[in-house]
Amino acid sequence: MSEMLSGAEILCRALVDGGVEVIFGYPGGAIMPFYHALPDHPRLRHILVRHEQAAAHAADGYARASGRVGVCVATSGPGATNLVTGLAAAHMDNSPVVAITGQVSRPMIGRDAFQETDIIGITLPITKKNYLVQDVTELAGVVADAMAVAVEGRPGPVLIDVPKDVQNQKIEYGAPQARARGQSRPQTPGASPGLEDGVHKAARLIAGAERPLIMVGHGVILAQAYAEVRALAEKTGIPVITTLLGISAFPDGHPLHLGMPGMHGEVHVNRAIQHADVIIGIGLRFDDRVTGNTASFAPQARIIHIDLDRAEIGKNVPVAVGIVGDARDITRRLLAAVEPRRCERWLEHIRGFVRTRAESYRGGLSPEAILASIYEASHGDCTIVTDVGQHQMWVAKLYPYQHPNSHITSGGLGAMGFAVPAAMGVHLARPSGTVWAISGDGGFQMNMAEMATMVQEGLPVKMAVFNNGYLGMVRQWQQFFHEKRYSCTPIWSPDYVKLAEAYGIPGYRVKDASELAETVGQANTQPGPALVEFMIEQEANVFPMIPPGGSLSEPIETAPAGATGD
Amino acid sequence: MPVPSPSPSAHTVAVLLDDALVTLNRAFGVLRTRNVPIEGLALHPSGTAGESRLTFVLKADAATADRVAQQFHKMMGVRSVMILANEDSTTEATR
């Protein structure tokens, strides 16, 4: 049976048909027909954010936590441009986000109309695909195609730009159309030519290796290859390194887990890479923050690279064996092909690289102690969403993750302001779980307006603010590499406890480690959102550190002479 | 995209893709964002309805040419990618 429907109504129906339940958005002129139709579709829960960037980050957080498409909506012009940072973050970290933007009416396009912007042009390099819908007849098919493109193969964001007059256009609407645009060529995971050959070559390399390592990245989380990776490690005794986005893909505290590599990786992790003779990289892209200077990265290692995206093989580091396919499928095949073995001497060798870090804290308020209190309060069962900077590295290195995909952060783009809105999305994907958004005092102030969203929409996000009065990571670089000239990094904060109260949220301030357990416990058990500010050492540093462009073999382990903190 | 090796030669890459402005725009964007050292660029109808052929010449070693081809291969709207690797065909393709 068919009926006359407007483009806006078709848009809502197509989202419902696509299984969408939550939309993060902000209304405005060019998207008003959509908002007019929305109340007729109660299955679509709309979360009114305070800035469109937060809508994109929240949709990203929702997508990462659920594995489903996260949807954000904005109007044309400033609404659309405010989405850009969130889409770039989703693009860099392969998160399936669908953004829907209003556009000025078709006859006005290209005339510099009020709130007109070429959002298609602006988002070309940060989307997998984007569409300007030229006619209402295309709309349902475009939405179905966008939902599929976002999740298939290597996931990523997609944008649909819908002119206002297309939203108002009426057509006879029948059964939901299948993907109308058939030209998309999904990347097929699994059997690529030479796959079995690659797996057997890899198995032979592993059998002959004396110092092998497994490095796992986000691809393992996206493919949910946890059991396979763990089985591979346990069958072969090969130690496992988790990149920033691979954290929680392998249980922290497992005897084979070494930790995070790269710029802020522990000394023994980076030394292991530099001494390895075979590296099995699964679902990572050997990003520069992982490799340091690629010319001196893992000089003795032959690299086996498993990735869904053929373009990643050999992009950043030369590989001995490249296998294109889904991390779970390939790891399973590799598991079947390898012989059981042990690596005790190699593990002993790596244990010899372990160093204790030299750091200073006040009031005993070390990052370890703060994170331990969050772990205790949540009984080790919460999702941690981090922002970007020093706290992000402390969390990555020190939080004892036990559950797969319980660590969410903006890795590739490194977008400050990510944590608070992304945590809202995580809550909606995991409503029965606890979510902590951990930020610094810089990143928190970028999107703290979202506390109003949490109150209005009933999103019980727990917020931790590591307050050192500085843009700490930049200050650390200034201390190490810019003669301690703290240019524009001291940052003033409001009274966060009073600020929380102004939003009707319980706020707490912790100055000493003795207050941690009780305060964090109270915040954790609040039925709604809560904020805890931790007054940490102003000039605390993240050690060790590989200087930008430096070799993994040459970490900075203490503040350089003449650049020590007071 | 890594810097081309010291002994580059000309490679011609032919990309068959949807004849849609947004797809072409995206393809040119890949050349720019991946810092591809192109020397020539041509766009023609491929002969198949709704399909264009984008041909470009880059001076790079075979591995770099392959990496560039892979970036196009995964682009939405791209139907096939070919590398034609010799000076003669390069001359033909840029004419």
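Chemist: Tell me about the overall build of chain A, residues and numbers included.
Modeler: If you tally the helices and strands in chain A, you get 23 helices and 20 strands. Taken against the 2.2 N^0.38 rule, which gives 24 Å for 566 residues, the C-alpha radius of gyration of chain A at 24 Å falls within 12% of a compact globule. For chain A, the proportion of its 566 residues judged to be buried stands at 61%. Here chain A has roughly 20700 Å² of accessible surface; of this, 52% comes from carbon and sulfur atoms. Measuring between centres, the 46 positive side-chain charges of chain A sit 4 Å from its 56 negative side-chain charges.

Chemist: Got a sec to walk through the interface of chain A and chain B? Specific residues and values, please.
Modeler: Between chain A and chain B, the residue contacts involve 19 residues of the former and 16 residues of the latter. Between chain A and chain B, the buried area comes to about 1600 Å², and carbon and sulfur atoms account for 52% of it. The interface formed by chain A and chain B includes 6 residue pairs in polar contact (both at pLDDT 80 or more). Class assignment for the residues of the side of chain A that touches chain B results in 5 nonpolar, 6 polar and 8 charged.

Chemist: Talk me through the packing of helix α11 (residues 226–236) of chain A against helix α14 (residues 327–337) of chain A; I want residue IDs and the actual numbers.
Modeler: Any two packed helices are characterised by how steeply their axes cross, that is the angle between the axes, and by the distance between the axes. Residue and element names in this part refer to chain A. Closest axis-to-axis distance for the α11/α14 pair is 9 Å, and the angle between their directions is 25°. Taken together, the axes of α11 and α14 lie roughly parallel to each other. Like other packed secondary-structure pairs, α11 and α14 cross with a definite hand, here left-handed. Contacts between α11 and α14 involve Glu228, Val229, Ala231, Leu232 and Lys235 from the former and Arg328, Thr331, Arg332, Leu334, Leu335 and Ala336 from the latter. The residue makeup of the contact of α11 with α14, split by class, is 6 nonpolar, 1 polar and 4 charged.

Chemist: Explain the sheet that holds strand β6 (residues 129–132) of chain A residue by residue, including any values.
Modeler: Residues and elements named next belong to chain A. What the 6 strands build is an open sheet, ordered β3-β2-β4-β5-β7-β6; its pairing is parallel. What marks the edges here is a single partner per strand, and that holds for β3 (45–48) and β6. On average, each strand axis in the sheet is tilted by 20° relative to the strand beside it, whichever way the strands run. As defined by bridge partners, strand β2 (residues 22–25) adjoins β3 across 4 bridges and the pair is classed as parallel. For Gly25, the partnering residue across the bridge sits in β3 and is Leu48.

Chemist: Provide a residue-level description of the nonpolar core, including the pertinent values.
Modeler: In terms of nonpolar packing, the biggest core is built from 58 residues, with Leu213(A), Ile279(A), Ile280(A), Ile282(A) and Phe297(A) touching the most fellow members. The next biggest cluster of nonpolar side chains, apart from the first, holds 49 residues, and it includes Ala59(A), Ala80(A), Val426(A) and Met463(A).

Chemist: Could you give an account of a nonpolar patch on the surface, naming the residues involved and the relevant values?
Modeler: All names here are of chain B. Together, Phe28, Ile38, Leu41 and Leu43 make up a nonpolar patch on the protein surface, roughly 310 Å² of accessible area in all. In terms of residue count, strand β2 (residues 38–45) provides more of the nonpolar patch than any other element does, 3 residues in total. Its place among the elements puts Leu43 in strand β2.

Chemist: Hey, could you go over the pattern of salt bridges for me, with residue numbers and the actual values?
Modeler: All names here are of chain A. What the rule picks out here adds up to 29 salt bridges over all chains. A salt bridge links Glu3 to Arg13; the nearest nitrogen and oxygen atoms lie 3.0 Å apart. Highlighted residues: Glu3 in strand β1 (residues 3–6) and Arg13 in helix α1 (residues 7–17), separated in sequence by 10 residues. Taking relative accessible area as the criterion, Arg13 reaches 28% and is therefore assigned partly exposed. For Glu228, the salt bridge is made with Arg328, and the minimal N-O distance between the two is 3.2 Å. Here Arg328 lies in helix α14 and Glu228 lies in helix α11, a separation of 100 residues in the sequence. Taking the relative accessible area as the measure of exposure, Glu228 reaches 9% and is therefore buried.

How each quantity is defined
Residues numbered from 1 in each chain as written. Chains lettered and ligands numbered in written order. Predicted model: local features only at pLDDT ≥ 70, side-chain atom pairs only at ≥ 80, totals over all residues. Heavy atoms only, no water. Helix = DSSP H or I, 4+ residues; strand = E, 2+ residues; numbered from the N terminus. Rg over C-alpha atoms; globule rule 2.2 N^0.38 Å. Buried < 20%, exposed > 50% of the residue type's maximum accessible area, 1.4 Å probe, protein only. Areas by Shrake-Rupley, 256 points an atom, 1.4 Å probe, with all protein chains shown as cover. Lys, Arg positive; Asp, Glu negative; His and termini not counted. Charge placed at Lys NZ, Arg CZ, Asp CG, Glu CD. Contact = heavy atoms within 4.5 Å. Buried area = accessible area lost by both parts, 1.4 Å probe. Polar contact = N/O pair within 3.5 Å; in protein donor to acceptor, adjacent residues only side chain to side chain. Nonpolar A, V, L, I, M, F, W, Y, C, P; charged D, E, K, R; others polar. Axes fitted to C-alpha atoms, helices over the stretch in contact; angles between N-to-C directions. Parallel < 35°, antiparallel > 145°, perpendicular 65-115°, else oblique. Left-handed = near helix turned anticlockwise from the far one by under 90°. Pairing = 2+ DSSP bridges. Core = buried A, V, L, I, M, F, W, Y, C linked by side-chain atoms within 4.5 Å. Patch = residues over 30% accessible without salt bridge, like charges linked within 9 Å, V, L, I, M, F, W, Y side chains within 5 Å. Salt bridge = Lys/Arg side-chain N within 4 Å of Asp/Glu carboxyl O.

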